[in-house]
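# Structural overview for review
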Amino acid sequence: MSAAIGHHTAPMHAPSPLPTGDGARAFAFDGAHVVSAAAFAGHVRALAARLPRAGFAVNLCEDRYRFLVAFCAVAVRGQVNLLPPTRTRAAIDEVRARHPDSYCIGDGEACGCDAGLLPSGSHFVHLPQRLPWLDGPPLRVPDEAVVAIGFTSGSTGTPMPHAKTLGALRASTARNLAALESLWPAGMQPQVVATVPPQHMYGIEMSVVLPLLGPVAVHRGRPFFPEDIARALHEAAAPRLLVTTPVHLRALVGSGVALPPMAGIVSATAPLPQALAAEAEARCGCEVRETFGSTETCIIASRRTALGEAWRLFPGVRLEPRPDGSLVTVPGLPAPVLLADVVELRGEGRFELRGRQADLLEIAGKRASLADLTRRLLEVPGVDDGAVFQLDDERAGVRRVAAVYASATLDEQAVREALRRSIDPAFLPRPLRRVAALPRNDTGKLPRAALLRLLHCGEDRAGC
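All values reported here derive from a predicted model rather than from experimental measurement.

Turning to the state of the cysteines, a few remarks are in order. Counted according to the given criterion, the structure contains zero disulfides. Here Cys-286 is not cross-linked by a disulfide; its sulfur's nearest cysteine counterpart is in Cys-284, at 5.3 Å. Classification of Cys-286 as buried rests on a relative accessible area of 8%.

Here is the structure:
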């Protein structure tokens, strides 16, 4: 099917097939069905034929398979998938204001179309419960085509757009597969279960383009609770790969639910405590690989966190420390990217993170980082979740350090005493608040405004 509308300005080379591989291979699955790559292509053709003339589509699909169908159909039409940092009405409105030649596409109540999230009168393509199918030639999209625009989370400022070509995603998929393929027997097709949303760049890499461009099948759901994750893993065939976050992994490890054998676990979106990584490996009988990347660069490094803090860069990636962060050069990206992360090189392609420039603290001539302080809080036995951050107000020119944590057993005095044994008194959080749960979003990140509200509410106060 040829593209009806395109936004490609560079000369196009021979288009690449989507999805790759044998049409009979397993592409997606759940507890009831396995969808082949050929059947997926038929669903994409049928949806692409009914998409409106436009330049961009806000892909709001919750079901991972339907997200994949929509993602590919939009690309086949020569349009671009818009991936807002969140699926709130404000985020959708902001993204569409930047791209007025756009429409929304989703799969029902989960996409928010029945909850007032979509602007009145906006064009919305609703995916039916039973997807139509259309025969035709192989689907092809040029590698130079921009297929998606991802947005940074906005945790350090205004969300910024970053365009992704199919070629760049193909290169990142090859790097990710090379970094993970030692986890399963050669020649076998891993089946991925992911707890992260498909709209997030980590979710895009590990649960969308991985089955599109590599020999991988993916579970169509996004399980949240430990029992749901375990059920999805049982529905997968070996070798099983769990793609998750530290928050989901901590809950899964502590739940005691029965799990099938896994080939490996991948974690990202927030720092993974070393103790949790080691506990997960012992509990699940497989390696835990933590990945490091960004919306700007995609994944560029990984580590086996249980064995050490050093990250190893993927082949071809170069990292250059700068006073204001790190300059990253990635094969397939048109120019180096400056990240806010402060690193220390260790040689042989290895490095250690020292936090972000904005997270580095200096009080009374002493230095620390919010990332390290948070790590020490999470290492206190009995702390289930937590975060250390700076307050907005200033006293004597110094911003105070605060913290919130969740625990079923430890009161604030117990946690404060535990922190005194590992943190310099200058950096002890004041105030320190125990809360029922931290306000993490669906990728495990903590919006600053929500943290500040929690800090003032405490655990059980009215109005929180």
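To continue, consider the pairing of strand S2 (residues 26-29). Summarising the sheet, S2 and strand S3 (residues 34-36) pair through three bridges and their orientation is antiparallel. When the sheet's bridge partners are listed, Phe-29 is paired in S3 with Val-34.

The next thing to look at is the sheet that holds strand S17 (residues 311-313). With mixed pairing, 11 strands are arranged side by side in an open sheet as S3-S2-S12-S11-S13-S14-S15-S16-S17-S22-S21. Two strands in the sheet have a free side with no partner beyond their single neighbour: S3 and strand S21 (341-347). In this sheet, adjacent strand axes meet at a mean angle of 30° when their direction is disregarded. Packing against the sheet, helix H7 (residues 226-235) makes contact with S2, strand S11 (191-194), strand S12 (217-219) and strand S13 (240-244), and its axis sits at approximately 150° to S13.

Summed over all chains, the structure comprises four cavities of 30 Å³ or more. Surrounding the largest cavity, Asn-176, Ala-179, Leu-180, Met-206, Arg-289, Thr-291, Ile-299, Ser-302 and Phe-314 form its lining. Looking at the lining of the largest cavity, the elements that each hand over two or more residues are helix H4 (166-180), strand S15 (287-294) and strand S16 (298-303). Broken down by element, the residue count for the lining of the largest cavity peaks at three residues, all from H4.

The step from Leu-18 to Pro-19 runs through a cis peptide bond, and the omega angle for that step is -10°. Considering the arrangement of structural elements, one finds Pro-19 in the loop between strand S1 (16-18) and S2. Of note, the bond from Ala-238 into Pro-239 is cis; its omega dihedral lies within 30 degrees of zero at 0°. Checked against the element boundaries, Pro-239 lands in the loop between H7 and S13. With a phi close to 85°, Thr-269 is a non-glycine residue in the positive phi region. Inspection of the secondary structure assignment puts Thr-269 in the loop between strand S14 (264-267) and helix H9 (274-284). Phi angles above zero are rare outside glycine, and Glu-348 is one such case at about 55°. If you trace the backbone, Glu-348 turns up in the loop between S21 and strand S22 (350-356).

Here we take up helix H8 (residues 246-255). When we look at burial in H8, the residues that qualify are Pro-246, His-248, Leu-249, Leu-252 and Val-253. Projected down its long axis, H8 shows its buried positions confined to an angular sector of 160°, all on one face. Count one or two residues on from H8 and you reach Gly-256, which has phi positive near 80°.

Okay, the side chain of His-248 next. For His-248, the position within the fold is in helix H8. Not counting residues up to four positions away in its chain, the partners in contact with His-248 are Thr-195, Phe-224 and Ile-229.

Put simply, H8 and H9 touch, their axes get as near as 10 Å, and they point 50° apart. The angle between the axes of H8 and H9 places the two elements in the oblique class. Judged by the twist between their axes, the crossing of H8 over H9 is left-handed. Mapping the contact onto sequence places Pro-246, Leu-249, Arg-250, Leu-252, Val-253 and Ser-255 in H8 and Leu-276, Glu-279, Ala-280 and Arg-283 in H9. Residues of the contact of H8 with H9, tallied by class, amount to six nonpolar, one polar and three charged.

This part takes up the environment of Asp-30. Position of Asp-30 among the secondary structure elements: in the loop between S2 and S3. C-alpha separation for the pair Asp-30 and Gly-221, spaced 191 residues apart in sequence, amounts to 7.4 Å. At 2.9 Å, the side chain of Asp-30 forms a polar contact with the backbone nitrogen of Ala-32. Polar contacts involving the side chain of Asp-30 include one to the main-chain amide nitrogen of His-33, which spans 2.8 Å.

So, on to the layout of surface pockets. Approximately 340 Å³ is the volume found for the second largest pocket. Residue lining of the second largest pocket: 18 residues in total, with Tyr-65, Arg-66, Gln-129, Leu-131 and Arg-220 positioned closest to the centre. Of all elements in the fold, only S3, helix H1 (37-50) and helix H2 (64-76) reach the threshold of two or more residues within the lining of the second largest pocket. Ranked by residues supplied to the lining of the second largest pocket, first place goes to S3 with three residues.

Right, let's get into the pairing of strand S9 (residues 146-151). Where burial is concerned, most of S9 is hidden: five out of the six residues are buried. Pairing of strand S5 (residues 80-83) with S9, which is carried by three bridges, proceeds in the parallel orientation. If you follow Leu-82 over to S9, its bridge partner there is Ile-149. Sheet topology note: the S9/strand S10 (residues 161-165) ladder contains five bridges and is antiparallel. Paired with Phe-151 across the strands is Pro-161, a residue of S10.

Analysis parameters
Residues numbered from 1 in each chain as written. Predicted model: local features only at pLDDT ≥ 70, side-chain atom pairs only at ≥ 80, totals over all residues. Heavy atoms only, no water. Disulfide = S-S within 2.5 Å. Buried < 20%, exposed > 50% of the residue type's maximum accessible area, 1.4 Å probe, protein only. Pairing = 2+ DSSP bridges. Helix = DSSP H or I, 4+ residues; strand = E, 2+ residues; numbered from the N terminus. Axes fitted to C-alpha atoms, helices over the stretch in contact; angles between N-to-C directions. Contact = heavy atoms within 4.5 Å. 1 Å grid on protein atoms, 1.4 Å probe; cavity = no way out; pocket = protein on both sides within 12 Å on 5 of 7 lines; lining within 4 Å. Points joined across faces, edges and corners; volume = space filled by probe spheres on them. Arc of directions from axis to C-beta. Parallel < 35°, antiparallel > 145°, perpendicular 65-115°, else oblique. Left-handed = near helix turned anticlockwise from the far one by under 90°. Nonpolar A, V, L, I, M, F, W, Y, C, P; charged D, E, K, R; others polar. Polar contact = N/O pair within 3.5 Å; in protein donor to acceptor, adjacent residues only side chain to side chain.

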